[in-house]
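Next come the chains, spelled out residue by residue.
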Amino acid sequence: MATRTDAPTRREQILKEAARLFAERGFHGVGVDEIGAAVGISGPGLYRHFAGKDAMLAELLVGISGQLLTGAKRRLAEAGEESVPEAVLDSLIEGHIDFALDDRPLITLHDRELDRLRDTDRKLVRQLQRQYVELWVGVVRRLYPDLAEPAARSAVHSVFGLLNSTPHLTRPGSLPGRAGTAELLHRMARGAFAAAGSR
């Protein structure tokens with residue numbers, strides 16, 4: 001019997017449309033009525049799922065930071081202790097590329113709206129992101145043991161900047177298709193790490 005992918009829940013639908021609208025028009029440029037209309041419910045109906053727009057923004061930004069960290073931990077666990085560092089780094093890059101290509105509105109949202117979060121939520125995002133970076137730093141230093149920790153951390157942040165540039169590549173025909181873009185980003189990320197490690 002074939003398994004089926006569960007349809008997105010109403011909360012997931014709301015968050016997806018909120019992310020898209022916030023990214024397109026800014027947090028303050030979108031009302032709850034517009035988000036509701038995008039998912040086929042009244043604006044006030046959103047309050048059965050979220051306390052308001054602030055709660056949606058927090059769930060989006062904390063949520064994606066947590067998902068990236070959880071995904072990276074899973075990839076490391078699947079690779080195991082005796083894994084080849086090059087293969088582990090490739091796996092981490094692939095996971096981040098999936099995010100960069102499939103969740104572009106969240107990248108835009110993070111860049112523009114992170115400061116709108118409450119202090120506690122913003123600190124949680126930063127904490128999750130630091131843990132995510134440190135997982136990468138550990139793998140990069142296994143592959144390039146002569147690379148000092150601060151340089152490895154800078155290289156990781158630089159590669160994130162490269163991979164997270166996808167929202168700026170939106171003109172028709174500016175991307176060579178998903179598979180081609182993923183392959184190009186992967187080669188560029190590996191090239192950046194190789195350059196950092198060749199000092």
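Residues numbered from 1 in each chain as written. Predicted model: local features only at pLDDT ≥ 70, side-chain atom pairs only at ≥ 80, totals over all residues. Heavy atoms only, no water.

## Observations concerning the nonpolar core
Here comes step 1: In terms of nonpolar packing, the biggest core is built from 58 residues, with Phe22, Ile35, Met56, Trp136 and Phe193 touching the most fellow members.
Here comes step 2: Of all elements in the fold, only helix 1 (10–25), helix 2 (32–39), helix 3 (53–79), helix 4 (85–102), helix 5 (104–113), helix 6 (119–143), helix 7 (149–163) and helix 8 (178–197) reach the threshold of two or more residues within this core.
Here comes step 3: Take this core: its biggest share by element is ten residues, from helix 3.
Here comes step 4: If sequence neighbours within four positions are ignored, Ile35 has contacts with Ile14, Ala18, Leu21, Phe22, Val30, Leu46, Lys53 and Met56. (Core = buried A, V, L, I, M, F, W, Y, C linked by side-chain atoms within 4.5 Å. Buried < 20%, exposed > 50% of the residue type's maximum accessible area, 1.4 Å probe, protein only. Helix = DSSP H or I, 4+ residues; strand = E, 2+ residues; numbered from the N terminus. Contact = heavy atoms within 4.5 Å.)

## What to know about the side chain of Glu113
Here comes step 1: Assignment of secondary structure puts Glu113 in helix 5.
Here comes step 2: If we ignore the near neighbours within four places in the chain, the residues touching Glu113 are Gly26, Phe27, Leu57 and Leu61.

## A word on helix 3
Here comes step 1: With 27 residues, helix 3 should reach 39 Å at 1.5 Å per residue; the first-to-last C-alpha distance of 39 Å fits that figure.
Here comes step 2: Backbone geometry just after helix 3 places Gly80 at a positive phi near 85°. (Expected span 1.5 Å × (residues − 1).)

## Structural notes on the environment of Leu101
Here comes step 1: Among the secondary structure elements, Leu101 is positioned in helix 4.
Here comes step 2: On the basis of relative accessibility, which here comes to 11%, the residue Leu101 falls in the buried class.
Here comes step 3: Taking the C-alpha atoms as reference points, Leu101 and Tyr144, separated by 43 residues in sequence, lie 27 Å from one another.
Here comes step 4: Once residues lying within four places of it in the same chain are set aside, the contact partners of Leu101 are Thr166, Arg178, Thr181, Ala182 and Leu185.

## Here we look at the environment of Asp102
Here comes step 1: Along the chain, Asp102 falls in helix 4.
Here comes step 2: Counting along the chain gives 38 residues from Asp102 to Val140, while the straight-line C-alpha distance between them is 25 Å.

## A short note on the packing of aromatic side chains
Here comes step 1: In this structure the tally under the stated criterion is five aromatic pairs.
Here comes step 2: Here the aromatic rings of Tyr132 and Phe160 are separated by 5.3 Å at their centres, their planes lie at 15°, and the arrangement is stacked. Note that Tyr132 is positioned in helix 6 and Phe160 in helix 7, a separation of 28 residues in sequence.
Here comes step 3: Residue class for Phe160 comes out buried when judged on its relative accessible area of 9%.
Here comes step 4: Judged by centre distance (6.3 Å) and plane angle (35°), the rings of Trp136 and Phe193 are tilted. Placement of Trp136 in helix 6 and of Phe193 in helix 8 is noted, with a sequence separation of 57 residues between them.
Here comes step 5: With a relative accessible area of 0%, Trp136 lands in the buried category.
Here comes step 6: With relative accessibility at 0%, the residue Phe193 sits in the buried group.
Here comes step 7: Ring pairing ties together the aromatic residues Tyr132, Trp136, Phe160 and Phe193, which thus form one cluster.
Here comes step 8: Over the aromatic face of Phe50 sits the side chain of Arg11, whose NZ or CZ is 4.2 Å from the ring centroid.
Here comes step 9: Over the face of the ring belonging to Phe27 we find Lys53, whose NZ or CZ atom lies 4.4 Å from the ring centre. (Phe/Tyr/Trp six-rings, centres within 6.5 Å; stacked < 30°, edge-to-face > 60°. Lys NZ or Arg CZ within 6 Å of the ring centre and 35° of its normal.)

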